Amino acid sequence: PRTTHMTPQVEPLRDAVAGPVRRPLEVLQAAVVLILLIAVANIATLLSSRAARRSRELALRNALGATSRRITQQLLTESVVLATLGGCVGAALTVGLVDLITHSRAVSLPRLGEVAVNWQVLAFTLAVSFAAGLAFGAAPALALRRGRITEKLADAERGSVGGAVRRLNGTLIMAQLALAVILLISAGLVLQSFRKLTSTPLGFQPEGVTAIALPLPTAKYTNETLVAATTSEIVERVRAVPGVSAAAASWTLPLGGNYNSDGYLVEG
């Protein structure tokens with residue numbers, strides 16, 4: 001009829017697939033990046049201090065003919081090996097945790113059964129580990145390359161840390177504190193939002209109510225009459241269970257996310 005008005009709703013496929021969990025997953029991904037940066041800054045500080053303790057050895061090697069490039073390559077190799085080992089341990093933990101989460105009934109995410117650790121994930125882990133190794137290995141290497149050999153030997157003889165290393169460590173510690181504050185503030189906002197969400201009135205009383213999903217196999221229940229009769233019989237048997245005050249069957253539940261829909265195809 002001409003009095004009927006239909007308003008189509010178009011949305012990107014990515015939004016339709018991810019649904020309402022897309023934004024929380026993006027926030028979680030940002031938190032993971034912040035934790036990675038904090039870890040990189042922390043390990044860079046430790047390696048910088050370790051390299052400062054080796055300043056006498058490195059200065060002597062430099063004085064005996066070892067080039068700064070060769071020493072830098074050694075420091076970068078050590079950091080990359082350390083990062084690669086950490087990435088392998090992280091990948092192994094990821095495989096176990098993903099298997100645990102995908103088989104858990106406590107987690108409800110769209111297309112959770114399709115989540116798996118494949119070669120793209122492992123390649124990404126290797127790339128991030130390699131980049132992190134270069135990041136926290138380049139900082140102490142650059143700090144030790146600055147300054148003259150005589151100054152390095154003098155500092156090493158006194159057992160003191162060079163000014164470049166001290167400035168680098170101070171910068172890294174400040175970066176860790178800044179990232180940690182951002183992470184704590186974000187976590188506080190998420191917890192506050194979760195608290196408000198859980199305290200929102202639902203409009204119904206869920207206490208003392210049990211919901212059971214009971215899909216009937218379509219191969220056996222081929223018509224609506226059989227489905228209706230079977231459902232009625234199940235409801236009557238549940239009502240007869242001692243302690244049950246009421247029982248009913250429903251196509252969907254409040255806030256369950258299920259809905260009835262009809263589709264149509266547009267020619268062309």
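A brief structural summary. In this text the structure is predicted, and so the values were computed from the model without any measurement.

### Notes on the overall build of the protein
Turning to step 1, where the next piece is worked out: From N to C terminus, the protein includes 8 helices and 0 strands.
Turning to step 2, where the next piece is worked out: Along the protein, helices and strands appear, N-terminal first, in the series α-α-α-α-α-α-α-α.
Turning to step 3, where the next piece is worked out: Taken across its 268 residues, the protein has 19% of its residues classed as buried.
Turning to step 4, where the next piece is worked out: Counting only contacts in the protein whose residues sit at least 6 apart along the sequence, the fraction spanning at least 24 positions is 66%.
Turning to step 5, where the next piece is worked out: Carbon and sulfur atoms make up 64% of the accessible area of the protein, which totals about 20800 Å².

### Concerning the pattern of salt bridges
Turning to step 1, where the next piece is worked out: Going through the model one piece at a time under the given rule, you end up with 2 salt bridges.
Turning to step 2, where the next piece is worked out: One salt bridge in this structure joins glutamate 236 and arginine 239, with 3.0 Å as the shortest N-O distance. A residue pair is termed a helical-turn pair when its members lie 3 or 4 positions apart in one helix, as glutamate 236 and arginine 239 do in helix α8 (residues 224-239) at 3 residues.
Turning to step 3, where the next piece is worked out: Note on glutamate 236: relative accessible area 47%, which makes it partly exposed.

### A few points about a nonpolar patch on the surface
Turning to step 1, where the next piece is worked out: A cluster of nonpolar side chains, contributed by Val89, Leu93, Leu97, Leu100, Ile101 and Val107, occupies part of the molecular surface with about 540 Å² of accessible area.
Turning to step 2, where the next piece is worked out: Take leucine 100: it is sitting in helix α4 (residues 68-102).
Turning to step 3, where the next piece is worked out: Overall, leucine 100 belongs to the exposed group, its relative accessible area being 57%.

### Structural notes on α4
Residues three or four positions apart in an α-helix share a direction because the helix packs 3.6 residues into each turn.
Turning to step 1, where the next piece is worked out: For α4, which comprises 35 residues, the first-to-last C-alpha distance of 50 Å matches the rise-based estimate of 51 Å (1.5 Å per residue) to within 8%.
Turning to step 2, where the next piece is worked out: All of the buried residues in α4 are Ile71, Thr72, Gln74, Leu75, Ser79, Val80, Ala83, Gly87 and Ala91.

### Digging into the nonpolar core
Turning to step 1, where the next piece is worked out: In terms of nonpolar packing, the biggest core is built from 8 residues, these being Val40, Ala41, Ala44, Leu47, Ala83, Ala132, Phe136 and Leu172.
Turning to step 2, where the next piece is worked out: Of all the elements, helix α2 (residues 22-53) adds the most residues to this core, at 4 residues.
Turning to step 3, where the next piece is worked out: Ignoring sequence-local partners within four residues, the contact set of leucine 172 consists of Ala41, Ala44 and Thr45.

### Some words on the side chain of glutamine 176
Turning to step 1, where the next piece is worked out: Note on placement: glutamine 176 falls in helix α7 (residues 163-198).
Turning to step 2, where the next piece is worked out: Among all residues touching glutamine 176, those that are not within four sequence positions of it are Ile38, Ala41, Asn42 and Thr45.

### Let's talk about the environment of valine 40
Turning to step 1, where the next piece is worked out: Inspection of the secondary structure puts valine 40 in helix α2.
Turning to step 2, where the next piece is worked out: The spacing of valine 40 and glycine 137 is 97 residues in sequence and 9.5 Å in space, taken between C-alpha atoms.
Turning to step 3, where the next piece is worked out: When sequence neighbours within four positions are dropped, the list of residues in contact with valine 40 reads Ala132, Ala135 and Phe136.

Cut-offs used in this document
- Residues numbered from 1 in each chain as written.
- Predicted model: local features only at pLDDT ≥ 70, side-chain atom pairs only at ≥ 80, totals over all residues.
- Heavy atoms only, no water.
- Helix = DSSP H or I, 4+ residues; strand = E, 2+ residues; numbered from the N terminus.
- Buried < 20%, exposed > 50% of the residue type's maximum accessible area, 1.4 Å probe, protein only.
- Contact = heavy atoms within 4.5 Å.
- Areas by Shrake-Rupley, 256 points an atom, 1.4 Å probe, with all protein chains shown as cover.
- Salt bridge = Lys/Arg side-chain N within 4 Å of Asp/Glu carboxyl O.
- Patch = residues over 30% accessible without salt bridge, like charges linked within 9 Å, V, L, I, M, F, W, Y side chains within 5 Å.
- Expected span 1.5 Å × (residues − 1).
- Core = buried A, V, L, I, M, F, W, Y, C linked by side-chain atoms within 4.5 Å.

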